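Commentary on secondary and tertiary structure
Listed here are the chains, written in short residue letters.
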Amino acid sequence: MSGETVPGLRREAIGLREVLFQSITAMAPAAAVAASIPSGAAFAGGSLPLSVLIALVACLFTASCVAELARQLPAAGSVATYAAQGLHPAVGFLVGWGYVFVEALVPPLLLLQLGFTTAGTLHQEWSSYPDDLWWPWSLAGAAVIAVAGYFGVRASARFGTVLGVFEVLVFVVFALWLIVKAGGDNTWSVFGTSHTAEGYQGISGVFAGSVYTVLAFAGFEAAAPLAEETKDPRRTMHRAVLGAALAIGLVYVLTTYAMTVYFGPDRFAGFGASGAASWEGVARASFGLFWVLVFLAVVNSTIANANACATVSTRTAFALGRIRVFPQLFARVHPRHRSPVAGVAVQCAVALAAMLGLGFSYDPVTAFLLLATVIVTVVIGVYIVVNLACAGYFLRRRRELLKPVRHLLFPLFGIVAFVPALLTAAGLPVFDFVSELTAPVSYAGPVVGAWMFAGVVVLIFLLRRHPGRIAETARVHLDENPTPDPRQSGAVQS
């Protein structure tokens, strides 16, 4: 697109701290610790800390690939640009098509969780509060996220930083408290295979648990779409993606170890996301009002995650709108805040429609499970493609920088780690620990298939009528002269 006149995002608006917490909050550590990771206890039992450690190592392979590509290709298109450069622009378009779709569904997913978590807790404390009155809390969360998005990346990123610090701090402090209270029950045996659940003895139970805990790491790449708004993006993106995956992975290991030794490794197979055998249940029973902080950390995590992923979806849509494979409406930015206001408005509308439509058609928990299955299935598929793109990019375009271990072996390990997680998320019973999905959660597969089929149709149309637009999926705009900030140049935006 020669002579491009679309004003860009604000350059150098944020630094390492903000983009680091963009990835951290997108991983939703509090919600993952309290809800996602305990799902692996049914298989790994008291050996769940080992499962989390294995998942951390596995995810670091893909995080390394994303970080390497982010350093070479700092672009708002992020994973779409990586796939276009490393494999083919058509693949890049399809990755962007799928990625912007599922990232747009993350806010309604988290707003549903915010609603039913808050309503359920209030009902538990005051029985007069209806446990199905979830939607006012979800609407309040949607308003907060929309305002943060409107005021631009500085506002949303700094808001995410504050929320991220709070949720991590609460669970780290609680974990250390549990370790102290466990006293002589602290043991390194939880990093072995002797405490796995019945029917899943030995390494098979640990592996099954790790597949479920891998899903808690999704989101570590969320810093990448902020590259064009970040100071020293080539260095900052690399550090943020790897730093988030490693730091939060270690938090997962610490918190899971702490609860396992406190609760008891040999009965940990019964630990879950709710009830007495849960993080909130243990806090209620043993630590007085500390459960309120645990509850607030989980609620905080839903808002922070929704905010981070709204930023991802609007930036990815901006990048695709800028090259006109999406409507140019998505490339429109606010003249003062330089936020993609049209994308923020569409994101808000999608969030409200999906949240209220699915929440009232089924119930908020069922709607949450359906959206989660759609999201995780596509995101893990994107991770697998990005691993391939890393190898392809350094083999095809930057052979002089090729490091066989980092750019070939790590992508292979990343793919191997995520294929079982993909099959698990999709409910394909290839392994004996994978349960086949039931309706309406099983509708996730057809929903993903229909969206990607529509993407193929759009791709064919663009290749025939506007092939140059697909080619521009690989374009790295940050390497070009930036559009001046109208406030600095004195120009008037129409």
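Calculation notes
- Residues numbered from 1 in each chain as written.
- Predicted model: local features only at pLDDT ≥ 70, side-chain atom pairs only at ≥ 80, totals over all residues.
- Heavy atoms only, no water.
- Helix = DSSP H or I, 4+ residues; strand = E, 2+ residues; numbered from the N terminus.
- Rg over C-alpha atoms; globule rule 2.2 N^0.38 Å.
- Buried < 20%, exposed > 50% of the residue type's maximum accessible area, 1.4 Å probe, protein only.
- Areas by Shrake-Rupley, 256 points an atom, 1.4 Å probe, with all protein chains shown as cover.
- pLDDT = per-residue confidence, 0-100.
- Contact = heavy atoms within 4.5 Å.
- 1 Å grid on protein atoms, 1.4 Å probe; cavity = no way out; pocket = protein on both sides within 12 Å on 5 of 7 lines; lining within 4 Å.
- Points joined across faces, edges and corners; volume = space filled by probe spheres on them.
- Nonpolar A, V, L, I, M, F, W, Y, C, P; charged D, E, K, R; others polar.
- Polar contact = N/O pair within 3.5 Å; in protein donor to acceptor, adjacent residues only side chain to side chain.
- Phe/Tyr/Trp six-rings, centres within 6.5 Å; stacked < 30°, edge-to-face > 60°.

Bringing the overall build of the chain into the picture now. A count of helical and extended segments in the chain gives 18 helices and 0 strands. Taken against the 2.2 N^0.38 rule, which gives 23 Å for 494 residues, the C-alpha radius of gyration of the chain at 22 Å falls within 12% of a compact globule. Residue burial in the chain is summarised as follows: out of 494 residues, 58% are buried. Split by element, the accessible area of the chain, about 19,200 Å² in all, is 65% carbon and sulfur.

Okay, the confidence of the model for the chain next. Summarising the model, the chain shows a mean pLDDT of 87, and 94% of its residues fall at 70 or more. A low-confidence stretch, residues 1-6 stays under pLDDT 50, and its non-local contacts, those more than four residues away or across chains, total 12 contacts. The low-confidence segment residues 482-494 (pLDDT under 50) makes 17 contacts with residues lying over four places distant or belonging to another chain.

For the structure shown, the criterion picks out 3 cavities of 30 Å³ or more. Looking at the largest cavity, its volume works out to about 130 Å³. Taken together, the elements giving at least two residues each to the lining of the largest cavity come down to α6 (89-125), α7 (135-150), α12 (290-322) and α13 (341-361). Tallying contributions element by element places α12 first for the lining of the largest cavity, with 5 residues. Of the residues belonging to the lining of the largest cavity, the class tally is 9 nonpolar, 5 polar and 1 charged. The calculated volume of the second largest cavity comes to roughly 80 Å³. Lining the second largest cavity are 14 residues, and of these Gly77, Thr81, Ala319, Thr473 and Arg475 lie nearest its centre. Among the secondary structure elements, those contributing two or more residues to the lining of the second largest cavity are α5 (79-86) and α12. The element best represented in the lining of the second largest cavity is α12, accounting for 3 residues. When grouped by side-chain class, the residues that make up the lining of the second largest cavity number 6 nonpolar, 4 polar and 4 charged.

Tracing the sequence through the fold places Gln22 in helix α1 (residues 16-26). Gln22 sits in the buried class, given a relative accessible area of 5%. Within the local environment of Gln22, its side chain forms a polar contact with the backbone oxygen of Ala308, the two atoms lying 3.0 Å apart. In this structure Gln22 touches Ala222, Ala223, Leu226, Ala308, Thr311 and Val312, once residues within four positions along its chain are discounted.

Moving on, we get to the side chain of Thr121. Position of Thr121 among the secondary structure elements: in helix α6. Here Thr121 falls in the buried class, since its relative accessible area comes to 6%.

Let us look at the packing of aromatic side chains. Applying the stated rule across the entire model yields 29 aromatic pairs. Ring geometry for Phe174 against Phe290: centres 4.8 Å apart, planes inclined by 45°, an arrangement best described as tilted. Placement of the pair is Phe174 in helix α8 (residues 153-182) and Phe290 in helix α12, with a sequence separation of 116 residues. Looking at Phe174, the relative accessible area reads 0%, which means it is buried. Accessibility expressed as a relative area gives 12% for Phe290, which makes it buried. Taken together, a centroid distance of 5.0 Å and an interplanar angle of 25° make the contact between Phe220 and Tyr383 stacked. Note that Phe220 is positioned in the loop between α9 (203-214) and α10 (233-263) and Tyr383 in helix α14 (residues 364-396), a separation of 163 residues in sequence.

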